[in-house]
Amino acid sequence: MMEKHFLPNKSCKGLTITELLVSIFITSAIVVLAIPHFSSLIANLESKKTITFINTVLNDSKHRAFIHHDRIAICGSHDQISCSDDGWSTGLLVFIDQKSPDRIRQSEETILHYYALNLKHGSLSWKGAAGRNLVFQSDSGLPRGSQGSFFYCANDAVNSRRLILSYMGNTRHETIQQCED
């Protein structure tokens, strides 16, 4: 009877511990180098998404004001009920400014929408001709007296953007180097 010796089979494939450790090291190095770029990508996406979303809210409000002959106001809000000067980064409150055209929501004025923003990589502010809020007029849907700009100020200062609202209610956006204070 012949003894069988188990010799390594040349067709047998696998990894040695050294090859496995080298593969893990290379993968770890790639991940460590990619994380800062991934964070920058997420910040850039938030910046673009925020400006696009605000543009949509402005267009919807302009059309609602014109079609329904309502005076539509937009303000920043922390609590989903009232306007606050520093609430733009938290959320947008859209309401019918009907009781007293003061651009401030009164308790009896109808809330149309509240849009939570939950910004993580920047902040949002509004600088307008008429102050802290903007209004689309009921007779034309135009933002008479409310032209101005939204500023998305990125934490990394690279992805900051400005959305400009004109006298006619048209918008355009641009990348900016630094935000207005």
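Right, let's walk through the structure included here. Note that the coordinates shown come from a computational prediction; the quantities given were computed from them, not determined experimentally. (Residues numbered from 1 in each chain as written. Predicted model: local features only at pLDDT ≥ 70, side-chain atom pairs only at ≥ 80, totals over all residues. Heavy atoms only, no water.)

### Quick notes on the sheet that holds strand E6 (residues 148-154)
Right, so step 1: A sheet is described by the order of its strands in space; here 4 strands give the open sequence E4-E6-E7-E8, paired in antiparallel fashion. Looking at which strands have only one partner, the edges of the open sheet turn out to be strand E4 (122-128) and strand E8 (171-175). Along the sheet, successive strands turn relative to each other by an average axial angle of 15°, direction set aside.
Right, so step 2: Where E6 lies against strand E7 (residues 161-165), 5 bridges are found, and the strand directions are antiparallel. Its bridge partner being in E7, Gly-148 is matched across the sheet by Leu-165.
Right, so step 3: Contacting E4, E6, E7 and E8, helix H1 (residues 17-68) crosses the sheet at an angle of about 10° to E7. (Pairing = 2+ DSSP bridges. Helix = DSSP H or I, 4+ residues; strand = E, 2+ residues; numbered from the N terminus. Axes fitted to C-alpha atoms, helices over the stretch in contact; angles between N-to-C directions. Contact = heavy atoms within 4.5 Å.)

### Details of the sheet that holds strand E5 (residues 134-136)
Right, so step 1: Spatial ordering of the open sheet is given by E3-E2-E1-E5, a layout of 4 strands whose pairing is antiparallel. Strands at the two margins of the open sheet, each flanked by one partner only, are strand E3 (111-116) and E5. Averaged over all pairs of adjacent strands, the angle between strand axes in this sheet comes to 15°, irrespective of strand direction.
Right, so step 2: Alignment of strand E2 (residues 91-96) against E3, held across 5 bridges, turns out to be antiparallel. The residue of E3 that forms the bridge with Leu-92 is Tyr-115.

### Remarks on the pattern of salt bridges
Right, so step 1: In total, this model carries 5 salt bridges according to the counting rule given.
Right, so step 2: Linking Arg-64 and Asp-70 is a salt bridge whose minimum nitrogen-to-oxygen distance equals 3.4 Å.
Right, so step 3: Measuring nitrogen to oxygen at the nearest pair gives 3.4 Å for the salt bridge that ties Glu-174 to Arg-172.
Right, so step 4: Ionic contacts of the salt-bridge type, sharing partners, join the residues Arg-162, Arg-172 and Glu-174 into one network. (Salt bridge = Lys/Arg side-chain N within 4 Å of Asp/Glu carboxyl O.)

### Some details on the packing of aromatic side chains
Right, so step 1: On inspection of all chains with the given rule, the structure shows 3 aromatic pairs.
Right, so step 2: Taking the centre distance of 5.2 Å and the plane angle of 80° together, the rings of Phe-53 and Tyr-115 count as edge-to-face. Of this pair, Phe-53 sits in helix H1 while Tyr-115 is found in strand E3, placing the two residues 62 residues apart along the sequence.
Right, so step 3: Among the residues examined, Phe-53 registers a relative accessible area of 30% and is labelled partly exposed.
Right, so step 4: A centroid spacing of 4.8 Å and a plane angle of 50° characterise the contact between Trp-126 and Phe-150, whose relative ring orientation is tilted. Of this pair, Trp-126 sits in strand E4 while Phe-150 sits in strand E6, and the two are 24 residues apart along the sequence.
Right, so step 5: According to the relative accessible area criterion, Trp-126 is buried, its value standing at 6%.
Right, so step 6: Taking the relative accessible area as the measure of exposure, Phe-150 reaches 1% and is therefore buried.
Right, so step 7: Among the aromatic residues, ring-to-ring pairing joins Trp-88, Trp-126 and Phe-150 into one connected group. (Phe/Tyr/Trp six-rings, centres within 6.5 Å; stacked < 30°, edge-to-face > 60°. Buried < 20%, exposed > 50% of the residue type's maximum accessible area, 1.4 Å probe, protein only.)

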